[in-house]
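A look at the structure
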Amino acid sequence: MWLADQWKDYEVIDTSSGEKLERWGKYVLVRPDPQVIWSTPKSDPLWKNYDAIYSRSSSGGGKWSNLRLPEVWQVRYGELTFNVKPMNFKHTGVFPEQAANWDFIMDRIRGAGRPIQVLNLFAYTGGATLAAAAAGASVCHVDAAKGMVAWAKENARASGLADRPIRWIVDDCAKFVEREIRRGRTYDAIIMDPPSYGRGPSGEIWKLEENLYPFVQLVSRVLSDNPLFIIINSYTTGLAPSVLGYLLNTIVSTRFGGHTDCDELGLPVTDSGLALPCGSTGRWTRE
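Presented here is a report on the structure given in the accompanying data block. Since the structure is predicted, the reported quantities are computational estimates derived from the model, not experimental observations. (Residues numbered from 1 in each chain as written. Predicted model: local features only at pLDDT ≥ 70, side-chain atom pairs only at ≥ 80, totals over all residues. Heavy atoms only, no water.)

1. With respect to the packing of helix H1 (residues 99-110) against helix H2 (residues 127-134)
- Axis separation between H1 and H2 bottoms out at 8 Å; the angle between their running directions is 25°. It follows from the interaxial angle that H1 and H2 lie roughly parallel. Between H1 and H2 lies a crossing of right-handed hand. For the pair formed by H1 and H2, the contact residues are Trp102, Ile105, Met106, Ile109 and Arg110 on the first element and Gly127, Ala128, Ala131, Ala132 and Ala134 on the second.
- A per-class count over the contact of H1 with H2 returns eight nonpolar, one polar and one charged. (Axes fitted to C-alpha atoms, helices over the stretch in contact; angles between N-to-C directions. Helix = DSSP H or I, 4+ residues; strand = E, 2+ residues; numbered from the N terminus. Parallel < 35°, antiparallel > 145°, perpendicular 65-115°, else oblique. Left-handed = near helix turned anticlockwise from the far one by under 90°. Contact = heavy atoms within 4.5 Å. Nonpolar A, V, L, I, M, F, W, Y, C, P; charged D, E, K, R; others polar.)

2. Description of the sheet that holds strand S2 (residues 10-16)
- Reading across the sheet, the five strands line up as S2-S3-S4-S5-S6 and stay open at both edges, with mixed pairing between neighbours. With one partner strand each, in any of the chains shown, S2 and strand S6 (62-65) form the two edges of the open sheet. This sheet shows a mean twist of 20° between the axes of neighbouring strands, independent of strand direction.
- The sheet contact formed by strand S4 (residues 27-32) and strand S5 (residues 52-56) spans two bridges and is parallel. Within S5, the position partnered with leucine 29 by the bridge is alanine 52. (Pairing = 2+ DSSP bridges.)

3. Details of H1
- With twelve residues, H1 extends 16 Å from end C-alpha to end C-alpha; this agrees with the ideal 16 Å at 1.5 Å per step.
- All of the buried residues in H1 are Ala99, Ala100, Asn101, Trp102, Phe104, Ile105, Met106 and Ile109. (Expected span 1.5 Å × (residues − 1). Buried < 20%, exposed > 50% of the residue type's maximum accessible area, 1.4 Å probe, protein only.)

4. Describing the pairing of strand S15 (residues 229-234)
- Burial analysis of S15 places six of its six residues in the buried class, which makes it a mostly covered element.
- Taking every second residue as pointing to the same face, both faces of S15 are buried, with Phe229, Ile231 and Asn233 on one and Ile230, Ile232 and Ser234 on the other.
- Of the strand pairs in this sheet, S15 and strand S17 (residues 275-285) are connected by six bridges, and their pairing is antiparallel. Each residue of the ladder has a partner; that of asparagine 233, found in S17, is threonine 281.

Nothing here speaks to function; it is all geometry.
Here it is in structure tokens:
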């Protein structure tokens, strides 16, 4: 497991009964987590003294309650700064476990010894975009949700990266890649964080199990002749990390050689000393 264990402004304090107790800066939240199938004692006093809790509704969705939060606040990870906003679908705009990938991205780009062009697809609020830009890469950030791209721009400004070479694109990722192929544009590194299910701006339907393999095939066509890395993330329950490794090996390694690693991402849990699994990642590198 690749642990995101370098946070100072974020912490999983405890987990139990389908929920995780988290600290975001100075605020404590309780949120649902489908991986938490154990019912260990909720002995930490913060389980009863949180600043906000998100509760799911039996009819679908859910809501925040007991809010003692500002509308937005910031957390830092190293040189990166993120605006945290509790959303009505339980998210906060940051996936802290991805810090393990941000470290990998920054290390690879800084060690490349050459200019790197990065394509970040399904880029959400821009954690990987900020990491790549901070490391000196030129980045193309693509997401179908206009609000998420605007949020990513806010994060770039907060991180002092507003003047870096970042292209902000609101579009369906597949359609954008198809146009880039026609334009003859290529990228040295590709990052993708595809949803399990989603719709594009024109109603395009995305289903991970059906669309990921042909999508990776499509995206491989915008790789440069000397690619640096590819990262694929998945939050689909039951999809093993080795599936992502298999995709990368069959599509990318057969063309470029290189090496593929795949594993779970995780967050350390303070009270138990164990690790909370948070999805799968596959990484391909040329070396």
